[in-house]
Every structure is written in structure tokens, then in C-alpha cells.
Amino acid sequence: MERTVYLDYAATTPADQRVVDAMLPFFTERYGNANSLYALGRDAARALEEARETVALSINAAHPDEVIFTSGGTESDNAALFGIATAGGRSSGHILVSAFEHHAVLEPAHWLGKRGFEVTELMPRTDGIVHPEDLAAALRDDTVLVSVMHGNNEIGTLQPIAELARATHERGALFHTDAAQTLGKVDFDVQALGIDAASFSGHKIYGPKGTGALYLRKGVRFAPYLMGGGQEGRRRSGTQNLPGNVGFATALTLMDAERPAETPRLTGLRDRLVGELLGHIEHARLNAAEATMRLPHIANFVIPGVEGEAMLLHLDAASIAVSTGSACSSGSLKPSHVLLSIGCPVEFAHGSLRVSVGRFTTEADVDFLIRTLVPVVQRLRSMNPMYEKTLAALTGQQG
Ligand SMILES: *Cc1c(COP(=O)(O)O)cnc(C)c1O
């Protein structure tokens, strides 16, 4: 297969070879069940607890038991929402989630909303930030849980989690954050942030797919929904995925070790991309451009006059992998709920392009994208009878 110019690191990442190497012995030689009492099992248990301590240390958890290994970001988000909301048999109360959460938070929130809980979606402002004063105004005496993601996976803005958690606690509710996109990429300290729960995913940090963890602060009441053998401190039953958990911990260790050098490198690539794209494609805009607190690896653009899907397919033909906000589900084009939540008009949300760089991205990759994208946009615009009208609306909006 021709080499793919992969610019979709926010969707997933290739496992790092060093991660794979660390995992391999646990498939064959060190295959014990961590819950068995003989030597092979004790060896597995030791490796599992080492992995847990590694993760706990990285996020500055007060105790390793606060780290629960899961199958990834989606499971951790579901477990946090269901487990905290329904703890102690609770069946009602107010839940606040931001409107631009990942669907792994939104869907369980909506499910709870149909079964006794009341759910409010908190709007971010046009800068792509959930402002603490907006949260404070939306909190109620009966609010039990607030969930606001740390770094948005589409537009890359970072949220003021410490302030949001403080506002939440002042009203007696618990605070969860989806950190699938931020773990390993920015400093993440659960005690400094003052949060009660957080979700992580392995495959966003060069670890294996189907791995991740839920941080659950000691003392937070939690109702498990996977029941059985009582693993993970009775909070997540099922024989642990030892190779996966070792891979996840190794991946996180590498992220932490390489971050000081990697962050400026990624930021440089991202800024080169933004500069070149805005410089070469007329009327293109960077979404949530005002936000200063952002992830180093994600840039999201609106390119008026082109459909995201068409752009994506043309780039795919040139072996470039990028993402668009509008997902073609069941034949209907749905604009991104994230872009709509920050006030991006529907007609522009259809022409969005998310580019995310990572460990194996080079300047040549970024330049190749720009070189390929410029004529693609020209061609698509020339074929679009609505382009002039779209442009007029855009100019009108800006003026
Ligand atoms: C990828 C992602 C998830 C889902 O994680 P999986 O491990 O793929 O289930 C959840 N939230 C955010 C912000 C993500 O980027």
C-alpha cells in the first residue's frame, strides 16, 4: 500500500513499536490471570499493579486504586455518567454536560434524561470555551454531576477544568472530565485540577485500541455496571486485559517522557499548517481561533463553498487522511454538533476540515496536504453553483 499521509491523529494513532514490544510477552510467556494465586498469576498481578501505578503516578492520583482499567474512552465516559449518577440507587437529579461533549458522554446523559434525571446541555461560547460563570449560573441545588471535556476532539480548545470543578463543588455536585484527547499531550494532574473522575483512552496516545482507564477519586460513590468476578476493586468486573493495560501504561510513559520536546514540535507543525492553509485558501477560517488555551495537535477549519465529504474523498485519492465535521450517517449529511455549539452556521459547518498532527508527522506531510488541497478546493468551488451566495452570506456575517 502507498504510504498514507496520516493527518487524523485525533481519530486514532498507530501503536508505537516500543508499546507493542512491551506488550508482547504478556500474550505468550506471561499469560497468567492476574487473579490466580500461583506464580504465573502473581506475576501477572504484579505487572498489572505496576501498570496501574504508572498511570496513577502520571496523573498524580492520590492512590493507585483510583485508576480503573477499562476498554477505552467510551466505556470510561459511560461508566462515569451511569456509575456516579445512579450511585446508591439514585434515580433522579440534575446532570449538566457541555453541548460539545463527545457522543460517549452525550448519549449516556440523554439516556439518563429519559429515565428520571434532568439533563441540561451547557453551551460553550463562540471562542470554544465553557466559561465558569456560565456553569455557575446553570448549576442547581439538585445538580448531582457535571461533565465537561478537558480538550475538545474537533476544535482542540482546552477547558478551564480547575475553575469549572471548583464552581461545581461549591454547589455540592461531582465533576467528571473526558480527557481522552488531552492525556499525555498536556500536563494532567487530577489533584491540581480538583476533579472527581476522568476518562482516558489508549489508542489516542500510541497505545493499543480497546484500552484506557477511568480515574475515580477515593470516596466518590459509584455503581458498577459490569458485574461478575469483582475485579478492579469491584468496580469493573472481567479478567483484566493485561497486555492492553501494560501497553496503555507504556504509551503514557512515552508521552510524558517526550512531551517537553514534542509539544513545541507539534505546535510548530500545527501553526505552519494554519498559516499555509489560511494563506492559500481564500475565505478559509480557523474555528475557535480566539482561544489561546488549545491542544498542540488539532486545527479545525471552515472552507466555505465546499462539502467536507467531497474534500475528504479528493484528499483520500491522494492518500491523505483527514477528517470532516459532517458525518454522513444514514444518507443524511449531519453537520458537527461541536461546530454548531460554537455558533458556526450550518452551511459552513458542512465544509469543515479537521487536521490533527502527531508523532510521525513531518513538515513535508503538512506541505503535501496544502499543495493537494488548494487545487481541490478551487475545483470544488468552481463546480458549486451556490458558492457566490455562500460567500455573500459569509461576508455579510463578518461585516
Ligand atoms: C476518542 C475519544 C473518545 C472515545 O474513546 P475510545 O477509546 O475510542 O472509546 C471519547 N472522548 C474523546 C474526547 C475522544 O477523543
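The rules behind each value
Residues numbered from 1 in each chain as written. Predicted model: local features only at pLDDT ≥ 70, side-chain atom pairs only at ≥ 80, totals over all residues. Heavy atoms only, no water. Near = heavy atom within 4 Å. Polar contact = N/O pair within 3.5 Å; in protein donor to acceptor, adjacent residues only side chain to side chain. Helix = DSSP H or I, 4+ residues; strand = E, 2+ residues; numbered from the N terminus. Nonpolar A, V, L, I, M, F, W, Y, C, P; charged D, E, K, R; others polar. Salt bridge = Lys/Arg side-chain N within 4 Å of Asp/Glu carboxyl O. Buried < 20%, exposed > 50% of the residue type's maximum accessible area, 1.4 Å probe, protein only. Expected span 1.5 Å × (residues − 1). Pairing = 2+ DSSP bridges. Right-handed = clockwise from strand over helix to strand, strands pointing away. Axes fitted to C-alpha atoms, helices over the stretch in contact; angles between N-to-C directions. Contact = heavy atoms within 4.5 Å.

## As for the site of the ligand
Part 1: Around the ligand, the structure places 13 residues, and the nearest of them are Thr-74, Asp-178, Gln-181, Ser-201 and Lys-204.
Part 2: The separation between a nitrogen atom of the ligand and a polar side-chain atom of Asp-178 is 2.6 Å.
Part 3: Looking at the shell around the ligand element by element, the count peaks at three residues for helix H3 (residues 73-85).
Part 4: For the shell around the ligand, a count of residues per class yields two nonpolar, eight polar and three charged.

## A look at the pattern of salt bridges
Note on pairing: side chains with opposite charge can pair once their charged atoms come close.
Part 1: According to the stated counting rule, one finds 22 salt bridges in the structure shown.
Part 2: Ionic pairing is found between Arg-259 and Asp-187, a salt bridge with its closest N-O pair at 3.2 Å. Note that Arg-259 is positioned in helix H8 (residues 242-280) and Asp-187 in the loop between strand E6 (174-178) and helix H7 (190-193), a separation of 72 residues in sequence.
Part 3: Overall, Arg-259 belongs to the buried group, its relative accessible area being 16%.
Part 4: Linking Arg-359 and Glu-258 is a salt bridge whose minimum nitrogen-to-oxygen distance equals 3.6 Å. Of this pair, Arg-359 sits in the loop between strand E14 (352-356) and helix H12 (363-382) while Glu-258 sits in helix H8; the two residues are 101 residues apart in sequence, bridging distant segments of the chain.
Part 5: A relative accessible area of 26% places Glu-258 in the partly exposed class.
Part 6: Here the salt bridges do not stand alone but share partners, grouping Asp-16, Arg-18, Glu-258 and Arg-359 into one network.

## Quick look at H3
Part 1: In this model H3 runs 18 Å from its N-terminal to its C-terminal C-alpha over 13 residues, within 8% of the 18 Å that 1.5 Å per residue would give.
Part 2: In terms of burial, H3 is largely enclosed, as 12 of its 13 residues are buried.
Part 3: Turning to H3, its buried residues number three or more, namely Gly-73, Glu-75, Ser-76, Asp-77, Asn-78, Ala-79, Ala-80, Leu-81, Phe-82, Gly-83, Ile-84 and Ala-85.

## Some remarks on the pairing of E6
The side chains of a regular strand alternate between both faces of the sheet.
Part 1: Burial runs high along E6: four of the five residues are buried.
Part 2: Summarising the sheet, strand E5 (residues 143-147) and E6 pair through three bridges and their orientation is parallel. When the bridges of E6 are listed, Leu-145 appears paired with Leu-174.
Part 3: Following the backbone out of E5, through helix H6 (residues 161-170) and into the adjacent parallel E6, one traces a crossover that is right-handed.

## Overview of the sheet that holds strand E7 (residues 197-201)
The pairing of strands in a sheet happens through backbone hydrogen bonds and is either parallel or antiparallel.
Part 1: Taken in spatial order, the seven strands of this open sheet run E2-E8-E7-E6-E5-E3-E4, and their pairing is mixed. The open sheet has two edge strands, strand E2 (67-70) and strand E4 (117-122), and neither has a second partner. Sheet twist, expressed as the average angle between the axes of neighbouring strands with direction ignored, equals 20 degrees.
Part 2: In the sheet, E6 pairs with E7 via three bridges, with the strands oriented parallel. Looking across to E7, one finds that Thr-177 is bridged to Ala-198.
Part 3: Of the strands in this sheet, E2, E7 and strand E8 (212-216) are in contact with helix H2 (residues 39-59), which crosses E2 at around 115 degrees.

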